[in-house]
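Listed below are the residues making up each chain.
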Amino acid sequence: AATTRRYTSATAIKREADGRRVDEESERADASEPWARGRGGTRLGRAVHAAIQSLPLDPDEATIEAFCRAQAVAEAIPHREDEVRRLVTWVVRESDAWKRAAAATRALREAPFVVRQDDAVLEGVVDLLIETADGIELIDWKTDHIPADAVEERLRQYELQAGLYVHGVQAATGRPVTSVTYVFASAKVEKSMGEPAALAAAAVAELSAR
């Protein structure tokens with residue numbers, strides 16, 4: 001039965017719907033690198049995600065600098081260390097999403113989920129999952145180099161992905177998703193994706209139609 005089951009991911013479905021095979025910064029990812037993380041498609045994106053994933057929720061400046069330097073070297077972009085540190089520093093010092101995570105009773109980073117939907121197995125990884133008394137908040141970090149006034153247009157491209165995250169997390173945990181926030185580090189903008197239930201319903205309909 002496993003040989004006939006279709007496996008897919010939230011990110012793959014989004015890219016297929018977009019008709020694109022490049023990552024969020026319009027650079028082609030190098031699939032030949034076995035150590036490359038799937039969370040960010042470019043070296044810069046992977047370095048930023050890895051630092052955010054690994055840092056303590058209350059880091060001092062020396063720790064931020066050390067983690068950013070290490071990840072820049074790991075991704076073979078030591079010359080872009082300052083850029084990595086700039087994006088990471090804004091996230092951990094200025095973003096409301098990070099502050100909510102630091103204040104939460106429980107916050108999980110790089111939280112994976114796997115659920116069955118019809119004849120498919122859907123998998124995904126949520127950058128940051130914050131548990132509250134009312135449910136779960138989902139956070140997705142973006143390193144796109146776009147101006148702040150272009151965020152709304154870019155956000156619409158992530159509606160399907162966000163809906164699949166909502167559906168997957170709710171199905172896997174049995175708890176409601178109360179909000180989905182996309183954080184654009186370069187533009188210094190945080191935006192809600194809208195009503196989670198509506199996002200999930202649209203995404204499930206799209207997935208079932210494939």
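The preceding data block contains the structure.
What counts, and at which threshold
- Residues numbered from 1 in each chain as written.
- Predicted model: local features only at pLDDT ≥ 70, side-chain atom pairs only at ≥ 80, totals over all residues.
- Heavy atoms only, no water.
- Buried < 20%, exposed > 50% of the residue type's maximum accessible area, 1.4 Å probe, protein only.
- Helix = DSSP H or I, 4+ residues; strand = E, 2+ residues; numbered from the N terminus.
- Pairing = 2+ DSSP bridges.
- Contact = heavy atoms within 4.5 Å.

### Some details on the pairing of strand β4 (residues 136-142)
Each regular strand carries side chains that alternate between the two faces of the sheet.
Here's step 1: Counting buried residues in β4 gives 7 out of 7 residues, a clear majority hidden from the surface.
Here's step 2: Residues of β4 alternate between two faces, with Ile136, Leu138, Asp140 and Lys142 on one and Glu137, Ile139 and Trp141 on the opposite face, all of them buried.
Here's step 3: When strand β3 (residues 120-131) meets β4, the two strands line up antiparallel, connected through 4 bridges. Bridge pairing links Ile130 to Glu137 in β4.
Here's step 4: By the bridge criterion, 7 bridges tie β4 to strand β5 (residues 177-184) in an arrangement that is parallel. The residue bridging Asp140 from the neighbouring strand is Tyr182, located in β5.

### Things to note about the side chain of Glu81
Here's step 1: Inspection of the secondary structure puts Glu81 in helix α4 (residues 81-94).
Here's step 2: Accessibility expressed as a relative area gives 16% for Glu81, which makes it buried.
Here's step 3: Setting aside its immediate chain neighbours within four residues, Glu81 contacts Glu65, Cys68, Arg69 and Ala72.

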